[in-house]
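Chain residues, written in single-letter form:
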Amino acid sequence: MEGNFYVELLLGDLENYILSQKSEINNIVSKKQNVSVEETALILDKFSKSLKKTVNIMDFIEEIDNIDTLRSISILASETIAWILFTLPSVEKNLPYFSDDITIYNKHIVDYLADILLEFEGFIENPMKLKFIGKDLQENIKDISTIINYMSNILKKGLIEN
């Protein structure tokens, strides 16, 4: 029960983070035709941090027996992935690679994100399945977070050198 309370705190933290960052990033993206490289690095940092928060929550999946908590994890993970999936095209031109070259396991990052989003959306209907597939998804999310963080670091390094 104590673990569930901690997971609820982590879920609340992720939800607050997504809501505040989504609004900040939407302001950046919607006000400009061209998002700057600095803003792209900031956005990628926010994406990476939200994915890291999601991975931290998923550390506890095997211990959770409450269906509503598992459903909440699925909903928030879906929301996080969808936010990244639909915002990424707004900053693609500033990415340090050609967008076609950003692949994970031979899949374009956007397709990979879409696949993960579909999996999480399926868990909303059947939350207990998350307990059995959660560790694999956690690794996938960690991989995405690492790649996004790497892209952000390359952009920041380019800004410093220029």
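Notes on the structure in this doc start here.

**What to know about helix 3 (residues 67-91)**
The end-to-end C-alpha distance of helix 3 is 36 Å, a good match for the 36 Å that 25 residues give at a rise of 1.5 Å each. Sitting at the amino-terminal end of helix 3 is Asn66, which places a side-chain oxygen 2.7 Å from the backbone nitrogen of Asp68.

**Let's talk about the environment of Leu42**
Among the secondary structure elements, Leu42 is positioned in helix 2 (residues 37-58). Of the residues examined, Leu42 reaches a relative accessible area of 30% and is grouped as partly exposed. With near-sequence residues (within four places) excluded, Leu42 lies in contact with Glu24 and Ile28.

**Re the pattern of salt bridges**
In the structure shown here, the tally under the stated rule is 8 salt bridges. Residue Asp68 is joined to Arg71 by a salt bridge in which the shortest nitrogen-to-oxygen separation is 3.5 Å. With Asp68 and Arg71 both in helix 3 and 3 residues apart, the pair spans about one turn of that helix. Residue classification places Asp68 among the exposed residues on the basis of a relative accessible area of 52%. Asp115 is paired through a salt bridge with Lys107; the nearest N and O atoms lie 2.0 Å apart.

**Regarding a nonpolar patch on the surface**
The grouping of Phe5, Tyr6 and Leu9 at the surface amounts to a nonpolar patch, some 340 Å² of accessible area in total. Secondary-structure assignment places Phe5 in helix 1 (residues 2-31). For Phe5, a relative accessible area of 56% corresponds to the exposed category.

**Side note on the packing of aromatic side chains**
Counted by the stated rule, this structure contains 3 aromatic pairs. Their ring planes at 85 degrees and their centres at 5.1 Å tell us that Phe47 and Trp83 sit as a pair that is edge-to-face. With Phe47 in helix 2 and Trp83 in helix 3, the pair connects residues that are 36 residues apart, well separated along the chain. With centroids separated by 6.1 Å and ring planes inclined at 85 degrees, the aromatic side chains of Phe120 and Phe123 adopt a geometry described as edge-to-face. One end of the pair, Phe120, and the other, Phe123, are both in helix 4 (residues 109-125), 3 residues apart, so they sit about a helical turn from each other.

**Some details on the side chain of Gln21**
Structurally, Gln21 is set in helix 1. According to the relative accessible area criterion, Gln21 is buried, its value standing at 9%. Non-local contacts of Gln21, meaning those with residues more than four positions away in its chain, are made with Lys46 and Trp83.

Rules and cut-offs
Residues numbered from 1 in each chain as written. Predicted model: local features only at pLDDT ≥ 70, side-chain atom pairs only at ≥ 80, totals over all residues. Heavy atoms only, no water. Helix = DSSP H or I, 4+ residues; strand = E, 2+ residues; numbered from the N terminus. Expected span 1.5 Å × (residues − 1). Polar contact = N/O pair within 3.5 Å; in protein donor to acceptor, adjacent residues only side chain to side chain. Buried < 20%, exposed > 50% of the residue type's maximum accessible area, 1.4 Å probe, protein only. Contact = heavy atoms within 4.5 Å. Salt bridge = Lys/Arg side-chain N within 4 Å of Asp/Glu carboxyl O. Patch = residues over 30% accessible without salt bridge, like charges linked within 9 Å, V, L, I, M, F, W, Y side chains within 5 Å. Areas by Shrake-Rupley, 256 points an atom, 1.4 Å probe, with all protein chains shown as cover. Phe/Tyr/Trp six-rings, centres within 6.5 Å; stacked < 30°, edge-to-face > 60°.

Treat this as a map of the structure, not an account of what it does.
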